[in-house]
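# Overview (structure and organization)
Residue strings, one per chain:
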Amino acid sequence: MLSQLRSLWEVLKHTFVKPDTVEYPDQKRELFPRYRGRIILTRDPDGEERCVACNLCAVACPVDCIALQKAEDENGRWYPDFFRINFSRCIMCGFCEEACPTNAIQLTPDFEMCEYDRQNMVYEKQHLLIDGTGKYHDYNFYRVAGMTIGGKVKGQAENETQPVDVKTLLP
Amino acid sequence: MNAGLGDAADIIGILVSVIIVAAMLIWVERRLLAVWQDRLGPNRVGPLGLMQVVADMIKMFFKEDWIPPFSDKLVFILAPTIVFITMLTGFAVIPFAPGVGIIDFNFGLLYFLALSSLSVYSIVLAGYASNNKYSLLGGLRAAAQTVSYEVFMGISIMGVVMLSGTFNLREIVEAQRDGWFIIPQFFGFIIFLIAVIAESRRAPLDLPEAEQELVGGFHTEYSGMKFGMFFVGEYLAITLSSAIIVTLFFGGWLGPWLPPLVWFCLKTAVGIMFFILLRGALPRPRYDQLMTFGWKILLPAGLLNLLVTGAVVLSLHG
């Protein structure tokens, strides 16, 4: 009986507690920089596409919302021929971002992507690709990776030593 | 029976304002519950969300009014009107202020008791006519709950009747000039309060409805305006209950400075808010707990209260 009265009193005290509600469209909360929202594709500091079409994001995606096709340019760089994310399936889990070896795919603090037509939720590469570097400003995959591309042979990457010539005994 | 009927303006005014108040309670309840749960509640439609009621009404009128093919159609249609009508007619005896009221007769209190028990037919018939397990369970619960709680609902207010010596609600109010009956009849008040909550089927004693266990209880199959009738009927029941509590225990229209009608409305409003607070704060008891509590605690307590009050009245006035 006393506990009933006590809970009545405790609830009544909430008359003077400020509501927790954030009146969303009028009043927007500040989202943290690492909030997992709309997915983007970033470019490296030189302005080239970071994505190397390795398909790891598509494999990691638990809802299979990413589709892409590899292509290769004249310098030997890999890039996605098309890159398609179906946001009506995407659950914003961020696994693709974790899987990406080149920091190309990133999630942004933006979730306001409502559409009246479901087909408009399918974003193609031109919708996903941004001009900047996203969260990682200095990273350039082809400059740290040992892969040979046009204008850069093995041993010229950052922190990479020249390859050992196994056919000579000279030091 | 010295029936004194109020004039037509009074009757229409009371009828209209009671219905408006009951409808506005939809908004009031949602807002108050929101306040107590640190939320905002409906605040979009109109200023402070006041037009929410209108929006709800429009929605209800345009809903499909579906009568299940497996139901007992005539009873199904009649059931929701009963609660609405009995609760509205219950307001006939409420003394709002001196000279304001619909009818003034000797057995006002008995009339209220009779109508509040009649309203359970609505629930029982709705549960039966829906021809649905959950509705039937709700109807059964309503019947058992009402029968049990009605017994000491009557007994608990006999103390008030003894002190004032009348069943006439106006005279009961007048008898409280020297002090509200809540002080000498505190236990009677507590018992009556619990009984009234059970009678109006409000949370925490809303076992016939119990949406967590019985889907919607007796109104599972109801939609559109028929559901609206149950809905508004429930709010009418709250209003009527707090008006009766105010009349019996809190001195009705009596009070300093303000005009009597304002006092009555203020006290009733506080009563209604208390009902909503009860809903916001207390959990629903289990069904067997409800029955045990009613028969083993409240009934003896009511009888004891009656006995002591009778003895005191007898020894004082001989």
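Residues numbered from 1 in each chain as written. Chains lettered and ligands numbered in written order. Predicted model: local features only at pLDDT ≥ 70, side-chain atom pairs only at ≥ 80, totals over all residues. Heavy atoms only, no water.

### Digging into the packing of aromatic side chains
Two numbers describe a pair of aromatic rings. These are the distance of the centres and the angle of the planes. Residues and elements named next belong to chain B. Cut-off, in case you're wondering: Each pair of aromatic rings taken from Phe, Tyr and Trp, with Trp reduced to its six-membered ring, is defined by centres within 6.5 Å and is described as stacked if the planes are under 30 degrees apart, edge-to-face if over 60, and tilted in the remaining cases. Put simply, DSSP marks the helices as runs of H or I at least four residues long and the strands as runs of E at least two long, and each gets a number from the N terminus on. Relative accessible area decides the class of each residue, using a 1.4 Å probe on protein chains only: under 20% of the type maximum gives buried, over 50% gives exposed, and in between gives partly exposed.
Following the criterion strictly, the structure yields 16 aromatic pairs over all chains and no others. Here F107 and F167 contribute two aromatic rings whose centre-to-centre distance is 6.2 Å and whose plane-to-plane angle is 40°, an arrangement assigned as tilted. Taken together, the residues F107 in the loop between β2 (103–104) and α4 (108–129) and F167 in the loop between α6 (158–164) and α7 (169–174) connect sequence positions 60 residues apart. Of the residues examined, F107 reaches a relative accessible area of 40% and is grouped as partly exposed.

### Let's talk about the environment of D72(B)
All names here are of chain B. Note the cut-off: Whether two residues are in contact is decided by their heavy atoms, any of which lying within 4.5 Å being enough. N or O atoms within 3.5 Å of each other form a polar contact, as long as, within protein, one can give a hydrogen and the other can take it, and as long as residues adjacent in sequence are counted only when both atoms are side-chain atoms.
Along the polypeptide, D72 turns up in the loop between α2 (52–62) and α3 (73–90). When its relative accessible area of 31% is taken as the criterion, D72 is described as partly exposed. Sequence separation of D72 and Q145 is 73 residues, and the distance between their C-alpha atoms is 24 Å. When sequence neighbours within four positions are dropped, the list of residues in contact with D72 reads Y128 and A129. Within polar-contact distance, the side chain of D72 engages the side chain of Y128 at 3.1 Å.

### Topic: α2(B)
A turn of α-helix holds 3.6 residues, and therefore any two residues three or four places apart point the same way. All names here are of chain B. What counts is decided by this rule: As used here, the arc is the angular range of directions from the helix axis to the C-beta atoms.
For α2, the full list of buried residues reads Q52, V53, D56 and M60. Taken end-on, α2 shows its buried residues confined to a sector of 100°, consistent with a single buried face. Away from its buried face by more than 90 degrees, α2 exposes F61 and F62. Buried residues in α2 make contact with α1 (8–36) and α10 (224–249).

### Side note on the nonpolar core
A general tendency of soluble globular proteins is for nonpolar side chains to be buried together. Defined as follows: Side-chain atoms within 4.5 Å link the members of a nonpolar core, which is a set of buried Ala, Val, Leu, Ile, Met, Phe, Trp, Tyr and Cys residues.
Judged by nonpolar contacts, the single largest core of 84 residues is most densely connected at I94(B), Y149(B), F192(B), L236(B), I245(B), L248(B) and F249(B). By residue number, the principal contributor to this core is α10(B), which donates 13 residues. What F192(B) contacts, discounting residues up to four positions off in sequence, is F112(B), M153(B), S156(B), I157(B), I244(B), I245(B), L248(B) and F249(B). C61(A), L68(A), F83(A) and M92(A) belong to the second largest nonpolar core, which has 25 residues in total.

### Notes on the sheet that holds strand β2 (residues 66–72) of chain A
All names here are of chain A. Short version of the rule: A pair of strands is treated as paired once DSSP finds two or more bridges between them.
With antiparallel pairing, the three strands of this open sheet are ordered in space as β2-β3-β5. Each having just a single partner strand, β2 and β5 (122–123) make up the two edges of the open sheet. Bridge count for strand β3 (residues 78–86) against β5 is two bridges, and the pairing is antiparallel. Bridging from a neighbouring strand, I85 pairs with Y123 of β5.

### Quick word on the side chain of Q185(B)
Here Q185(B) is to be found in the loop between α7 and α8 (186–199). In this view, Q185(B) contacts S156(B), G159(B), V160(B), L163(B), F249(B), N305(B) and T309(B); residues no more than four positions away in its chain are not counted.

### Re the interface of chain A and chain B
Just so we agree on the cut-off: For any pair of parts, buried area is found by adding up, for both, the accessible area (1.4 Å probe) each one loses once the two are put together. When a carboxyl oxygen of Asp or Glu lies within 4 Å of a side-chain nitrogen of Lys or Arg, that pair is called a salt bridge. Residues are grouped as follows: Ala, Val, Leu, Ile, Met, Phe, Trp, Tyr, Cys and Pro are nonpolar; Asp, Glu, Lys and Arg are charged; every other residue, Gly included, is polar.
Residue-level contacts link 14 residues of chain A with 13 residues of chain B. Buried area between chain A and chain B, summed over both chains or domains, comes out near 1,300 Å², and the portion from carbon and sulfur atoms is 61%. Applying the counting criterion to the chain A and chain B interface returns two salt bridges. A salt bridge links R44(B) to E23(A), with the nearest nitrogen and oxygen atoms 2.6 Å apart. Looking at the side of chain A that touches chain B residue by residue, the classes come out as five nonpolar, five polar and four charged.

### Observations regarding the pattern of salt bridges
All names here are of chain B. Considering all chains together, one arrives at 23 salt bridges over all chains under this definition. We note a salt bridge from R284 to E213, for which the minimum N-O separation is 3.5 Å. Here the residue R284 occupies a position in the loop between α11 (260–281) and α12 (287–317), and E213 occupies one in helix α9 (residues 211–214), the gap between them amounting to 71 residues. Beyond isolated ion pairs, a larger network of salt bridges with shared partners links E29, R202, E234 and R279.

### Details of the pairing of β3(A)
Residue and element names in this part refer to chain A. With seven bridges joining them, β2 and β3 adopt antiparallel strand pairing. Across the sheet, K70 pairs through a bridge with P80, a residue of β3. What sits between the antiparallel neighbours β2 and β3 is a turn of five residues, in which G76 has the positive phi angle 90°.

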